[in-house]
Amino acid sequence: MSAIHDEQLAAVAADLRAAITGEVRFDRASRVLYSTDASIYQIEPLGVVLPRAADEIAAAIEIAGRHGLPVLPRGGGSSLAGQAVGAAVVIDTSKYLHRLLAVDPEARTARVEPGLTVGELNRALAPHGLMWGPDPASADRATIGGALGNNASGAHSIRYGMAADNIHRVRAVLADGAWATFEPLDERGWAARSLGTTTAARLHRETAALIAAHAEAVRRDFPRHWRRASGYNLNTLLPEPGRPRNLAQLLVGSEGTLAFIVEATLPLVPTPARTALAVLQFEDLVAALDLVPAILSTPDAPPAAVELLDQMLLDLTRSQPAFAPLLTWVAGRPAAVLAVEFAGTSPRDLETQLDALEHHLQAQGYRGGVLKLLDPTAQQHVWQVRKAGLGLLLSIRGDWKPIAFIEDPAVPPERLGAFVRALTGLVETHDTKMAMYAHASAGCLHYRPLINLKQAGEVAKMAALSVAVCDLVIEFGGVMSGEHGDGLSRSLYNRRLFGEELYGAMRRLKGIWDPEGRFNPGKVVDGPSISDHLRYPPGYQPQTPATLFDWSDYGSLAQAAEQCNGQGACRKHHGGVMCPSYRATLDERDTTRARANALRAALDGRLPQGLDDPAVHEAMGLCLACKACKTECPSEVDVAKMKMEWLYQVHAAGGHRRRLRDFVFGYIHELNTLGSHAAPLVNLAARLPGAGRVQQALGIARERPLPPLHRRHFRRWFEAHTPHPNAGRHGDLLLFADTFMTYNYPEIGIAATRVLEAGGWTVRLAPAVCCGRPLLSKGMLPAARHKAEQVVAALAPFAQADIPIVGCEPSCLLTFRDELPDLLPREPLAQRIGAMSRLFGEFIVEHHSAGHFDATFGPFNTEILFHGHCHEKAIIGAGGSLAALALLPGARVRLIESTCCGMAGSFGFEAEHASISERIARLELLPALEAAPTAAVAVSGVSCRQQIAHVSGRRPRHLAEVLAEALPTP
């Protein structure tokens, strides 16, 4: 930008800060982080505003207008066509304007702010038995404002319609800063609203006149297929006898180009009492689509949804550890699967509907099987795979990606099979492959050709293919977008799709509502070329620094960062673990997406100081390295590993001196070993009045109590103990005594030894080596690699002898499965050690199921709340620990559904992170504990133990301790 432009932006920012209490970010870092959404595009905004109140949106629009700058509404930034990026002042409503303002269960309406996510709205409505009809797959992070802007729908649109069918009233700020309310109006009401000199009155008058002038063309030329998110909704404003007209329906799907919605009143629908799924498998994709019309015509039992998944998507699901266990409903390797959902009031009602479908299809000549799923968990598995479809497709690594540019056409369902035949041929003539999933019931396809945008020839192929697909869509009576909208990908084709007269009417409509073209310019009408503003244009060449970790699975460190496609799964508020810091702050810069974007910008030169740029430090600062992104992000964006590499790169460059605190935490094994010799004195010193000041001087939160040390540590106990009489029946195992078990919490090791020996195993103690996890967390990778070599030397003989390696601390034991092979990629013994390593609960359950675990437990008639360690949940899941606790007779075991506890190793001990660490704990963990005050609390990790004790005062115990308590006396 020129110096004059920079001065102008500084003046705008100053005016904004003087006018609003929200956040104003015109810094380089913020512009970089908001330059992308979930599309293939990248445009730096002029600045970012995060308003705290609706009137601050109006103020920001007025100030931007005064300076002649455009504005762009933004919610979750999960738009797939580039709607949420542009050279404008971005107004992000998701951080502060996310309230559910009112619910009227009798009238079945909800009044909401635009930043509220669809998922959070429906969670709040669930106690009333209500929900909002549109259910986009991204509902857990898509905001209401974004869903309205896109005219979102989802799998159940044949029952509930699209967002334009599910809007009652909106309050909006107009291009000149005026306020307006739009709602259903009969002829008399419309005439009354058209009187006067207000902007809203003018809009009613001029919009009605425009529709009247082009009514014949709208009736004649507007696409017939109802599943449409292309263009403006001119058809909703045609005057029909007895039907109210509502300008709110025009704003839905307008992508923020006409007005800024600041509040919406939504009609609600009853939540289905029960559902069931019929799963049909096919050896031919087109055959599956050809059957859809028959499914939709099932007599007396119309389905609520018909979803298609193709072979590529199913194969990718199978390859993902977090999703593969969900595929219990797929037999073999079909070319396609149709999942047909029915809603009913009772199991018998649903069985009747499933039987009716089966009989109807058999009468139509279908000879395949029908898998009937009435169990809610089994159904949820199907939906989890379906909703993760986009991210799973984008988990493909390398530069050839299944990209979004023509991925959202909708055609009448009766023509769907024929359309896909023609489309497949078209894609093949362009020498590429494609992946597909679909809302088959509505004829809405999501297909993605594999394209490498870094090559000029491939970009040309993309442009040619998009024109050809548009012509094909028109031939089949469809539209270019069934739900994802126009944005930068498809706005260019609206002239071709609607014809000259209707497209001209849409351009005039834009001029009526936004005379100066300041609302999200370049979307819906007057769009750019499909190949402008690409995130990875031809010739894109980021830096590829020499790395210590092995990144060959991705290609390079830069390609690992590029694996983030912006889908925003890290912005979910509930379910799973990712991303703890974002859930606490609701700030884009604290998302997994922002961290990957910052690292990518550092490597491609957009951040002037490269990896050492303050923007990268800020983005990475609140990463807890919980590892949830590695498995919960469908695209496998492993930011925890990126953070470790980044820390190493920054310090290796010599620009920063490490803090003493880093060495204290990184070499905690050595310090604890030394400190244990004088444990009583060390523990006493930690309790003296001046200890807090020492902690503070080191950068350790003074309010955090340090874990105690033990002179008679676990290894000393082990050497002196008498094994259980059962020991040795089933062979040997190697117990890896981690630093914390050994010196801080020996009771864990004692309990684990007793349980394992009672189970019939001879427990041998592993040599005293550190896993290297503390060093990894500080980016001390050369030292961690040295530790890895020590681990291999110490443990390889046992692994080669097929002796299981059992550990109790997930962060330590799972290092052998995760980082050890990355640190020593050419060492096959590292892989072997990982393969032989098992967490305590995982080991017990595996061998109990095989009949190789003999321990019996006494009655334990108690409720047990279990909090799983993040690394456990991310890499192997908490199922093993839960199943081990379930061996206790009478125990009522319940997993605490929460994100990270917030401690995350040293993170919660660091003074600058102590506050957010506790905020994370108070999101879900602490409320769950408070709701069950008499329950026993079990954990699998030391960090969880420390955090729960600190924030709740409860005494959590490792699951080994809980199991040991129930052992009978030998």
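Just so we're clear, the structure is a prediction, and the values are computed from it rather than from any experiment.

Caption draft 1: The arrangement of the packing of helix α24 (residues 592-604) against helix α25 (residues 614-621) in detail. Their axes nearest at 9 Å, the elements α24 and α25 cross at an angle of 155 degrees. Relative to α25, α24 is oriented roughly antiparallel. You can see that α24 and α25 cross each other, and the crossing is left-handed. Residues A594, R595, A598, L599 and A602 of α24 form the contact with α25, whose own contacting residues are A615, V616, A619 and M620. Class assignment for the residues of the contact of α24 with α25 results in eight nonpolar, no polar and one charged.

Caption draft 2: Quick look at the packing of aromatic side chains. Per the counting criterion, the structure on display carries eleven aromatic pairs. For the ring pair F222 and F498, a centre distance of 5.3 Å and an interplane angle of 50 degrees mean the geometry is tilted. Of this pair, F222 sits in the loop between α9 (215-221) and α10 (247-251) while F498 sits in helix α20 (residues 494-498), placing them 276 residues apart in sequence. Classification of F222 by relative accessible area gives buried; the value is 4%. Their ring planes at 90 degrees and their centres at 6.4 Å tell us that F549 and W551 sit as a pair that is edge-to-face. Seen from the ring of W190, R245 lies directly overhead, with NZ or CZ sitting 4.4 Å from the centre.

Caption draft 3: Inspection of the environment of I876 at higher detail. Within the element layout of this structure, I876 appears in the loop between α41 (870-875) and α42 (879-885). What makes I876 partly exposed here is its relative accessible area of 29%. For I876 and A546, which are 330 residues apart along the polypeptide, the C-alpha to C-alpha distance reads 30 Å. Excluding residues within four positions of it along the chain, I876 makes contact with L814, R817, L839, E842 and H871.

Caption draft 4: Region of interest: the pattern of salt bridges. Under the counting rule described, the total for this entry stands at 64 salt bridges. Among the salt bridges present, the one from E588 reaches R593, with a minimum N-O distance of 2.7 Å. Owing to a relative accessible area of 1%, R593 belongs among the buried residues under this scheme. When salt bridges that share partners are traced, they join E23, R25, K95, D587, R589 and E618 into one network.

Caption draft 5: Highlighting the sheet that holds strand β17 (residues 434-439). Here we have seven strands laid out as an open sheet, ordered β15-β12-β14-β13-β17-β18-β16, and antiparallel in their pairing. For this open sheet the edge positions go to β15 (371-373) and β16 (401-402), each flanked by a neighbour on one side alone. With nine bridges connecting them, strand β12 (residues 274-282) and strand β14 (residues 336-344) associate as antiparallel partners. Residue pairing across strands places A276 opposite F342, the latter belonging to β14. Sitting on the sheet, helix α14 (residues 347-363) touches β12, β14 and β15, and the angle it makes with β14 is about 140 degrees.

Caption draft 6: View of the sheet that holds strand β5 (residues 100-104). Here five strands make up an open sheet; going across it, the order is β5-β6-β10-β8-β9 and the pairing antiparallel. Unpaired on one side and paired on the other, β5 and β9 (179-182) mark the two borders of the sheet. Strand-to-strand twist across the sheet, computed as the mean angle between neighbouring axes with direction ignored, equals 10 degrees. For β5 and strand β6 (residues 109-112), the ladder comprises four bridges, and the chain directions are antiparallel. What sits directly across from D104, in β6, is T109. Against the sheet, helix α3 (residues 54-66) contacts β8 (169-173), β9 and β10 (260-267), and its axis sits at roughly 145 degrees relative to β10.

Caption draft 7: Just empty space enclosed by the protein, in detail. Applying the stated criterion across every chain yields a total of nine cavities of 30 Å³ or more. Lining the largest cavity are 21 residues, with I40, K401, I403, Y536 and E562 sitting closest to its centre. Of all elements in the fold, only β18 (444-451) and α22 (557-562) reach the threshold of two or more residues within the lining of the largest cavity. Each residue belonging to the lining of the largest cavity can be placed in one class, and the counts come to nine nonpolar, six polar and six charged.

Caption draft 8: Broad picture of helix α13 (residues 311-319). Every buried residue belonging to α13 is among L313, L314, L316 and T317, and all of these are buried. Down the axis of α13, the smallest arc covering the buried residues is 160 degrees, so these residues share one side. The N-cap residue of α13 is D310: its side-chain oxygen and the backbone nitrogen of M312 are 3.3 Å apart.

Caption draft 9: The environment of R657, seen in detail. Turning to its location among the elements, R657 is positioned in the loop between α27 (639-652) and α28 (660-666). Taking C-alpha positions, R657 is 29 Å from P825, a pair spaced 168 residues apart along the chain.

Caption draft 10: Representation of unusual backbone geometry. Backbone torsion omega between M578 and C579 reads -10 degrees, so that peptide bond is classified as cis. You can see C579 is positioned in the loop between α22 and α23 (580-585). Residues other than glycine seldom take positive phi values, yet E255 does so here, at roughly 60 degrees. As for its placement among the helices and strands, E255 is situated in the loop between α10 and β10. Backbone geometry places D300, a non-glycine residue, at a positive phi of 60 degrees. Relative to the assigned elements, D300 resides in the loop between α12 (292-296) and β13 (305-310).

Caption draft 11: A look at the nonpolar core. L756 and F840 are the most contacted members of the largest nonpolar core, which totals 135 residues. If one sorts the elements of this core by residue count, helix α36 (residues 781-800) sits on top with eleven residues. Those residues within four positions of F840 in sequence are excluded, and the remaining contacts are A752, V755, L756, V806, G807, C808, H958, L959, A960 and L963. Core analysis: the second largest hydrophobic core is formed by 121 residues, A147, A208, A264 and F476 among them.

Caption draft 12: Fine view of a nonpolar patch on the surface. On the surface, L681, L684 and L688 cluster together into a nonpolar patch covering about 300 Å² of accessible area. By the element assignment, L684 lies in helix α30 (residues 679-687). Relative accessible area serves as the criterion here: at 42%, L684 is assigned to the partly exposed category.

How each quantity is defined
Residues numbered from 1 in each chain as written. Predicted model: local features only at pLDDT ≥ 70, side-chain atom pairs only at ≥ 80, totals over all residues. Heavy atoms only, no water. Axes fitted to C-alpha atoms, helices over the stretch in contact; angles between N-to-C directions. Helix = DSSP H or I, 4+ residues; strand = E, 2+ residues; numbered from the N terminus. Parallel < 35°, antiparallel > 145°, perpendicular 65-115°, else oblique. Left-handed = near helix turned anticlockwise from the far one by under 90°. Contact = heavy atoms within 4.5 Å. Nonpolar A, V, L, I, M, F, W, Y, C, P; charged D, E, K, R; others polar. Phe/Tyr/Trp six-rings, centres within 6.5 Å; stacked < 30°, edge-to-face > 60°. Buried < 20%, exposed > 50% of the residue type's maximum accessible area, 1.4 Å probe, protein only. Lys NZ or Arg CZ within 6 Å of the ring centre and 35° of its normal. Salt bridge = Lys/Arg side-chain N within 4 Å of Asp/Glu carboxyl O. Pairing = 2+ DSSP bridges. 1 Å grid on protein atoms, 1.4 Å probe; cavity = no way out; pocket = protein on both sides within 12 Å on 5 of 7 lines; lining within 4 Å. Points joined across faces, edges and corners; volume = space filled by probe spheres on them. Arc of directions from axis to C-beta. Polar contact = N/O pair within 3.5 Å; in protein donor to acceptor, adjacent residues only side chain to side chain. Core = buried A, V, L, I, M, F, W, Y, C linked by side-chain atoms within 4.5 Å. Patch = residues over 30% accessible without salt bridge, like charges linked within 9 Å, V, L, I, M, F, W, Y side chains within 5 Å. Areas by Shrake-Rupley, 256 points an atom, 1.4 Å probe, with all protein chains shown as cover.

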